[in-house]
Amino acid sequence: SHPSTEMVSASKMAAAAAIGLGAMAAPSYAFSATPGLRAAGLASPLPSPAASRGASFRRGGRAARVSMMAEDATESAKKVDDAKAALEEMMGGKSAAPAASLDTLGSDVSVPAPKKKQPSKPAAAVVPKPAPFADPNKTPPPSSFAKTVEQAYLSVQAAIDDGKKLIEVEFPPLPQSALDNSALGADVITDAQISHARQFARYFGDKKVAIVFPDIVERNRFMGDTSFGGKSAKMKEDKLYDTVSDNVRYSALGGGFKGSFIEQLWVKQEYIEDIQDEDDVFVIITASAQELPDVRKFCETAGDRPVILFNLKLQTLRGDFGLPAFPGKDLQYDWLGTAFPAYHVLPRAYTRTITRPPFLVNYSGCLFRTYPGKWQVLLEVPDTDRGGGRYEQVQLRDKRPALSELRELLADELQLDGLDDNEAGDKKLLGVDLATLRKGVVIKTWWEQDIEKTKSDEWRS
């Protein structure tokens, strides 16, 4: 049977369209083995009308697809060239022909932004320097630990500027209520000490500060402890301060290898030097009385570089000198007496016995010093405005008073001696002087009594 007139007309139109599309695709050599012919369906004669119609439709479809691909490729190439030219012009490169605007490119083609070189580690934030003391002799006690560390830095920096080499910093690492809790573990106090020391070290900024642990085991335990932030990938952000800083490194007395004993057996570990040439300041933390001789050797090796004894509780450690298995008292006489107390916060609570009701009087105060200021004797009094208590300055001292002397200074300010009178008014009980009963026989520690034996008086300055 012969095809209808409509079908023949349709086949002719399709063939003509195929030839036209094939001719449009002729310049693209990538899609045709015989350019301009095979793509248009003209490489061989038509065998029959029916076959011609079928072949024409198939070749017409292929040619249409080939032509569309060629158009898409040409358009994409043009867009890429325009994008490159726009980028070169934007970045100050060679001049290019007018191209599409960046707004047009943003809707038509995605242009990747230039990649920036990523730093090997995040840069530590710059810590602003604390404001200097308005009057060191009238500086109020700190209201927070952040303020405490700021005051400690200002005092230590003033001591360094005056040529001091062995410097003492002392303040409670936790609130007094927490320290009075017998359930508080030693690790909690140690963690707080380390946090304060790291924040303190950050304020030196342009100087390299080495925080020195008493031994390499303590140092390695800290570096692997996830409670802290720092250079180790295992560490998290610090609990108290944002203290990741490039100017701080962690060392140990005598140095040692990184890692645990098992890790050192299987893998060669890096050796940590206790002192490096680029170190400017050393901060000694968590050292005990038995480790103070090692601290002394460390200071001798450090030379003229400042060494800060940070919250070592030297008043307590001195009490162990001379006991079996502890350093001798000559450590205080020859070396520890040269430690200059630049910053000191020593709160104290006392109880006084009197001869009339209420018979017991509780009072408290604080020995406070911010160098270059003098020693402030502060008495805690009720704060009628905000509630609770506040410190009020009682005296200024050029020398550090003895602990027992601090107690008596506060008692004199409260005029507690006037409350000791019995009915006869002779200030005696059963023939014994009440003042002697209160004060006891020993009113000073051995290092406070043996001032003449100590080669230096810096520890009380």
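Keep in mind it's a predicted model, so treat the numbers as computed, not measured. (Residues numbered from 1 in each chain as written. Predicted model: local features only at pLDDT ≥ 70, side-chain atom pairs only at ≥ 80, totals over all residues. Heavy atoms only, no water.)

**Q** What should I look at first to understand the pattern of salt bridges in this one?
**A** Oppositely charged side chains can pair when the atoms bearing their charge come close. Following the criterion strictly, the structure yields 14 salt bridges and no others. With its nearest N and O atoms 2.9 Å apart, the salt bridge here joins Glu-405 to Arg-397. Each of Lys-399, Asp-457 and Arg-460 takes part in salt bridges that share partners, so that together they form one network. (Salt bridge = Lys/Arg side-chain N within 4 Å of Asp/Glu carboxyl O.)

**Q** Looking at this structure, how should I read the packing of helix α4 (residues 145-161) against helix α6 (residues 186-202)?
**A** The packing of two helices is summarised by the inter-axis angle and the distance between the axes. Where α4 contacts α6, the axes come no closer than 9 Å and their chain directions differ by 50°. Our classification of the angle between α4 and α6 gives oblique. Both α4 and α6 take part in a crossing whose hand is right-handed. Across the interface between the two elements, Phe-145, Val-149, Ala-152, Tyr-153 and Val-156 from α4 touch His-196, Gln-199 and Phe-200 from α6. Counted by class, the contact of α4 with α6 contains 6 nonpolar, 2 polar and no charged residues. (Axes fitted to C-alpha atoms, helices over the stretch in contact; angles between N-to-C directions. Helix = DSSP H or I, 4+ residues; strand = E, 2+ residues; numbered from the N terminus. Parallel < 35°, antiparallel > 145°, perpendicular 65-115°, else oblique. Left-handed = near helix turned anticlockwise from the far one by under 90°. Contact = heavy atoms within 4.5 Å. Nonpolar A, V, L, I, M, F, W, Y, C, P; charged D, E, K, R; others polar.)

**Q** Explain the packing of aromatic side chains to me, please; I cannot follow it from the model alone.
**A** The geometry of two aromatic rings is summed up by the distance between their centres and the angle between their planes. Scanning the model with the defined rule gives 14 aromatic pairs in all. Measuring from ring centre to ring centre gives 5.6 Å for Tyr-153 and Tyr-203, while their planes differ by 35°; the resulting arrangement is tilted. On the criterion of sequence distance, the pair formed by Tyr-153 in helix α4 and Tyr-203 in the loop between α6 and β2 (209-213) is long-range, its members being 50 residues apart. Judged on exposure class, the residue Tyr-153 and its partner Tyr-203 are both buried. Taken together, the ring pairs connect Tyr-153, Phe-171, Phe-200, Tyr-203, Phe-204, Phe-310, Tyr-343 and Phe-368 into an aromatic cluster. Directly above the aromatic system of Phe-340 lies the positively charged group of Lys-164, at a separation of 4.6 Å from the ring centroid. Sitting over the ring of Trp-446, Lys-329 keeps its end group 4.8 Å from the ring centre. (Phe/Tyr/Trp six-rings, centres within 6.5 Å; stacked < 30°, edge-to-face > 60°. Buried < 20%, exposed > 50% of the residue type's maximum accessible area, 1.4 Å probe, protein only. Lys NZ or Arg CZ within 6 Å of the ring centre and 35° of its normal.)

**Q** Honestly, the nonpolar core in this entry has me stumped. Any pointers?
**A** The nonpolar side chains of a soluble globular protein tend to be buried with one another. If you look at the biggest cluster of nonpolar residues, it comprises 39 residues, and the most contacted ones within it are Val-156, Phe-200, Ile-211 and Phe-310. The leading source of residues in this core is α4, at 8 residues. Apart from the residues within four sequence positions on either side, Phe-310 is in contact with Val-169, Phe-171, Gln-193, His-196, Ala-197, Phe-200, Val-283, Ile-284 and Ile-285. (Core = buried A, V, L, I, M, F, W, Y, C linked by side-chain atoms within 4.5 Å.)

**Q** Explanation requested: helix α12 (residues 403-414) in the structure shown.
**A** Under the 1.5 Å per step criterion, the end-to-end length of α12 is 17 Å for 12 residues, consistent within 8% with the ideal 16 Å. What α12 keeps buried is the set Ser-404, Leu-406, Glu-408, Leu-409, Leu-410 and Ala-411. Positive backbone phi, approximately 55°, marks Gln-415, located one or two places after α12. (Expected span 1.5 Å × (residues − 1).)

**Q** Can you walk me through a negative patch on the surface in this structure?
**A** Taken together, the side chains of Asp-206, Asp-277, Glu-278 and Asp-280 define an acidic patch exposed on the protein surface. Take Asp-206: it is sitting in the loop between α6 and β2. On the basis of relative accessibility, which here comes to 71%, the residue Asp-206 falls in the exposed class. (Patch = residues over 30% accessible without salt bridge, like charges linked within 9 Å, V, L, I, M, F, W, Y side chains within 5 Å. Areas by Shrake-Rupley, 256 points an atom, 1.4 Å probe, with all protein chains shown as cover. Lys, Arg positive; Asp, Glu negative; His and termini not counted. Charge placed at Lys NZ, Arg CZ, Asp CG, Glu CD.)

**Q** Would you explain the side chain of Lys-164 in this entry?
**A** Position of Lys-164 among the secondary structure elements: in the loop between α4 and β1 (166-170). Judged by relative accessible area, Lys-164 falls into the buried class, the value being 19%. Looking at Lys-164, its side chain comes within polar contact range of the side chain of Glu-458, at 3.1 Å. Those residues within four positions of Lys-164 in sequence are excluded, and the remaining contacts are Ala-159, Pro-306, Phe-340 and Glu-458. (Polar contact = N/O pair within 3.5 Å; in protein donor to acceptor, adjacent residues only side chain to side chain.)

**Q** Looking at this structure, I do not really get the environment of Ala-131. What am I missing?
**A** In this structure, Ala-131 sits in the loop between α3 (102-108) and α4. Remark: the alpha-carbon pair of Ala-131 and Glu-150, spanning 19 residues in sequence, is separated by 8.6 Å.

**Q** Help me understand the pairing of strand β11 (residues 389-397) in this model?
**A** Successive residues of a regular strand alternate their side chains across the two faces of the sheet. Here 8 bridges tie strand β10 (residues 375-382) to β11, and the two strands are oriented antiparallel to one another. Within β11, the residue paired with Leu-379 across the bridge is Glu-392. In this structure, the hairpin formed by β10 and β11 is closed by a connection of 6 residues, where Gly-387 is found at a positive phi of approximately 85°. (Pairing = 2+ DSSP bridges.)

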